[in-house]
Amino acid sequence: MDGNGRWAKRRHLPRAAGHKAGVEAVRAVTRAARAMGIEALTLYAFSSENWRRPAEEIGDLMGLLKFFIRHDLAELVRENVRLRVLGDYRRFAGDVVALVDDALARTAGNTGPILAIALNYGAQAELAAAARRLAGRLPPEAIDEAAIEAELETRDLPPLDLLVRTSGEQRLSNFLLWQAAYAELLFVETLWPDFGADDLAAAVDAFARRQRRYGGL
């Protein structure tokens, strides 16, 4: 979800206003995804590299995360959405961790679509952690693709089909690197706060027109 800062800059607004508009886009897109029957939606909300940003901006992002949980959790529970978190969110402040823990617990029994939020997540760190766990448990010859996948944070999520990055940037930025091996990639110029239901539908339509060969003919 890229482009909040540029969205605000173009409107001569503080970056915090862009992040707030980005939360509104999250709400619109998650609702649209449910209406379209999308099985799982993963949103990259805070990367392990985002700690390099100014403390004030990190504080704004944490405030918006708390706002989203407090205002949208009841809807997620009502709509049978199961919330998942990828990443080490326990590095956040105690009040944020408590809110995330409560949200995970309250949606754990839901059986509908999955909303996964990547918080303090980095794909390279995820892969390194998986390798460390396997190295202490299995001989080298037993470590294959299936063994690695079983150690990833996405092990109970469906395979990644489509990865969309907004704002015109064309890189993965340490997001789901293993999982994206055969995913379709879509880079769009739209800044995240302007990305809505119609944009999601267009992305899914573009995905549906692609041919996925997985190395075959």
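Residues numbered from 1 in each chain as written. Predicted model: local features only at pLDDT ≥ 70, side-chain atom pairs only at ≥ 80, totals over all residues. Heavy atoms only, no water.

(A) Examining the nonpolar core more closely. In terms of nonpolar packing, the biggest core is built from 37 residues, with Phe 46, Met 62, Tyr 89, Phe 92, Val 100, Leu 115 and Leu 119 touching the most fellow members. Broken down by secondary-structure element, the contributors of at least two residues to this core are α2 (15-36), β1 (40-47), α3 (55-78), β2 (82-86), α4 (94-107), β3 (114-121) and α7 (197-208). In terms of residue count, the dominant contributor to this core is α3 (nine residues). Once residues lying within four places of it in the same chain are set aside, the contact partners of Leu 115 are Thr 30, Leu 41, Leu 43, Phe 68, Leu 76, Val 81, Arg 82, Leu 83 and Arg 84. In terms of nonpolar packing, the next biggest core, distinct from the first, is built from 13 residues, Tyr 44, Ile 114, Ala 118 and Ala 180 among them. (Core = buried A, V, L, I, M, F, W, Y, C linked by side-chain atoms within 4.5 Å. Buried < 20%, exposed > 50% of the residue type's maximum accessible area, 1.4 Å probe, protein only. Helix = DSSP H or I, 4+ residues; strand = E, 2+ residues; numbered from the N terminus. Contact = heavy atoms within 4.5 Å.)

(B) Molecular detail of the pairing of β3. With respect to burial, β3 is a largely interior element, eight of its eight residues being buried. For β2 and β3, the ladder comprises five bridges, and the chain directions are parallel. Bridging across to β3, Val 85 finds its partner in Ile 117. A crossover connection joins β2 to the parallel β3 through α4; in handedness this β-α-β unit is left-handed. (Pairing = 2+ DSSP bridges. Right-handed = clockwise from strand over helix to strand, strands pointing away.)

(C) Region of interest: the packing of α3 against α4. At a minimum axis separation of 10 Å, α3 and α4 run at an interaxial angle of 20°. On the basis of their axis angle, the class for α3 and α4 is roughly parallel. The handedness of the crossing between α3 and α4 comes out as left-handed. Across from Met 62, Leu 65, Lys 66, Ile 69, Arg 70, Leu 73 and Val 77 in α3, the residues of α4 making contact are Asp 95, Val 96, Leu 99, Val 100, Asp 102, Ala 103, Arg 106 and Thr 107. Across the contact of α3 with α4, the residue classes break down as nine nonpolar, one polar and five charged. (Axes fitted to C-alpha atoms, helices over the stretch in contact; angles between N-to-C directions. Parallel < 35°, antiparallel > 145°, perpendicular 65-115°, else oblique. Left-handed = near helix turned anticlockwise from the far one by under 90°. Nonpolar A, V, L, I, M, F, W, Y, C, P; charged D, E, K, R; others polar.)

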